[in-house]
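Results of the structural survey
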Amino acid sequence: MQQDLRRNIALVRQKIARAARLAGRDPAQVTIVAVTKTVTPDVAALALQEGLAHLGENRVQELLHKQEKLSGLPAVWHLIGHLQTNKVKYLPGKVALVHSLDSWHLAREISRRFQAAGEVCRALVQVNVSGEKSKHGFAPGEVADFLAAARELPALELCGFMTMAPLVDEAEEARPVFRQLKTLAACWQADHPALDLSILSMGMSNDYEVAVQEGSTMVRIGSAIFGWNGFGQC
Ligand SMILES: *Cc1c(COP(=O)(O)O)cnc(C)c1O
């Protein structure tokens, strides 16, 4: 199993490096978040052993569970899935970055809970670039107002943007979505020079090479590392 994992991670790293070089970028600008939602804490621990420091979960309870099991290991935890406001109270002290900030209501609750805990929550604004009804996130046209309003929230630190591309057969088809977010992010950054909005979380197992070519700084990868079906099937 560890051999498969090692091989998968090496392959992902190679592909990121190739995609970055194609775009004239430094591969070191791309952080891999290993998405552990389908594997046990033991397997997540193997990923840490293989040098992947960043782990992503899409559910709060699962994140807390794995974190407890892996306590003592140097993992950086990311919450990448839709966050319900009633779960925010569990997060202070537990998460390095929330990728899925997708409503004003949620932003206010995050700031309220983290402020009460004497902490600041780092978060990415999730943008529904493709406009699919099934996807969470702000419409691109809503983001400017949100960024302006969020300045009132003392315990929320916005660090950039996240998007999920539509599920398509060919990764190429996702390219316009990534390109659009990169362009929009540059505009939003220009409007808010006091913020550092440099993180772009985009790209998953089936489309991360294209995402890196288009400027992704954080890829969220599950199945290409841990296998699509059991283990090592890729
Ligand atoms: C599951 C998940 C991923 C990883 O998906 P893979 O296709 O397995 O790489 C990335 N982002 C989010 C939000 C997810 O829920």
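Reference entry: report on the structure contained in this document. On a predicted model such as this, the values are computed, not experimentally measured, just so you know. (Residues numbered from 1 in each chain as written. Predicted model: local features only at pLDDT ≥ 70, side-chain atom pairs only at ≥ 80, totals over all residues. Heavy atoms only, no water.)

With respect to the pairing of strand β1 (residues 31–35)
The buried count for β1 comes to four of five residues, which makes it a mostly enclosed element. The pairing of β1 with strand β8 (residues 218–221) spans four bridges and is parallel. Along β8, the bridge assignment pairs I32 with V219. As paired strands, β1 and strand β2 (residues 54–57) are joined by three bridges and run parallel to one another. Across the sheet, the residue bridging to V33 is H54, located in β2. (Buried < 20%, exposed > 50% of the residue type's maximum accessible area, 1.4 Å probe, protein only. Helix = DSSP H or I, 4+ residues; strand = E, 2+ residues; numbered from the N terminus. Pairing = 2+ DSSP bridges.)

Observations regarding the side chain of T217
Following the sequence through the fold, T217 ends up in the loop between α7 (208–213) and β8. With near-sequence residues (within four places) excluded, T217 lies in contact with R25, Q29, V30, T31, S198, I199 and L200. (Contact = heavy atoms within 4.5 Å.)

Digging into the site of the ligand
Taken together, V35, K37, N58, I80, M164, M204, S205, R220, I221, G222 and S223 form the complete shell of residues around the ligand. The separation between an oxygen atom of the ligand and a polar side-chain atom of K37 is 2.8 Å. Side-chain polar atom of R220 to a nitrogen atom of the ligand: 2.9 Å apart, as the coordinates give it. In the complex, the protein chains occlude 86% of the 390 Å² of accessible area that the ligand would expose alone. With respect to the pocket detection grid, the ligand is positioned in the largest pocket. Among the residues making up the shell around the ligand, the classes are represented as five nonpolar, four polar and two charged. (Near = heavy atom within 4 Å. Polar contact = N/O pair within 3.5 Å; in protein donor to acceptor, adjacent residues only side chain to side chain. Areas by Shrake-Rupley, 256 points an atom, 1.4 Å probe, with all protein chains shown as cover. 1 Å grid on protein atoms, 1.4 Å probe; cavity = no way out; pocket = protein on both sides within 12 Å on 5 of 7 lines; lining within 4 Å. Sits in = over half its atoms within 2 Å of the grid points. Nonpolar A, V, L, I, M, F, W, Y, C, P; charged D, E, K, R; others polar.)

Notes on the layout of surface pockets
One number sums up the size of the largest pocket: a volume of about 430 Å³. Lining the largest pocket are 21 residues, and of these K37, N58, I80, M164 and M204 sit closest to its centre. Its residues assigned to classes, the lining of the largest pocket comprises seven nonpolar, eleven polar and three charged. Quantified by volume, the second largest pocket comes out at close to 160 Å³. Along its surface, the second largest pocket is lined by R13, I16, A17, P27, V30, T31, I32, G51, L52, A53 and H54. (Points joined across faces, edges and corners; volume = space filled by probe spheres on them.)

Details of the packing of aromatic side chains
Evaluation of the coordinates by the stated rule reveals three aromatic pairs. Measuring from ring centre to ring centre gives 6.2 Å for W104 and F146, while their planes differ by 75°; the resulting arrangement is edge-to-face. Note that W104 is positioned in helix α4 (residues 104–116) and F146 in helix α5 (residues 143–150), a separation of 42 residues in sequence. (Phe/Tyr/Trp six-rings, centres within 6.5 Å; stacked < 30°, edge-to-face > 60°.)

A look at the side chain of R25
Along the chain, the position of R25 falls in the loop between α1 (2–22) and β1. Buried within the structure, R25 lacks any salt-bridge partner; D26 is the closest side chain of opposite charge, at an N-O distance of 8.6 Å. Side-chain polar atoms of R25 contact the backbone oxygen of S216, separated by 2.8 Å. Not counting the four nearest positions on each side in its chain, R25 is found in contact with A20, V30, V212, G215, S216 and T217. (Lys, Arg positive; Asp, Glu negative; His and termini not counted. Salt bridge = Lys/Arg side-chain N within 4 Å of Asp/Glu carboxyl O.)

Here's the deal with the pattern of salt bridges
Taken as a whole and assessed by the stated rule, the structure comprises eleven salt bridges. Among the salt bridges present, the one from R113 reaches E109, with a minimum N-O distance of 3.0 Å. Of this pair, R113 and E109 both sit in helix α4, four residues apart, which is roughly one turn of the helix. Taking relative accessible area as the criterion, R113 reaches 30% and is therefore assigned partly exposed. Taking the shortest distance from any N to any O, the salt bridge between K135 and E132 comes out at 2.8 Å. Note on E132: relative accessible area 27%, which makes it partly exposed. Through salt bridges that share partners, E172, R175, R179 and E214 make up one connected network.

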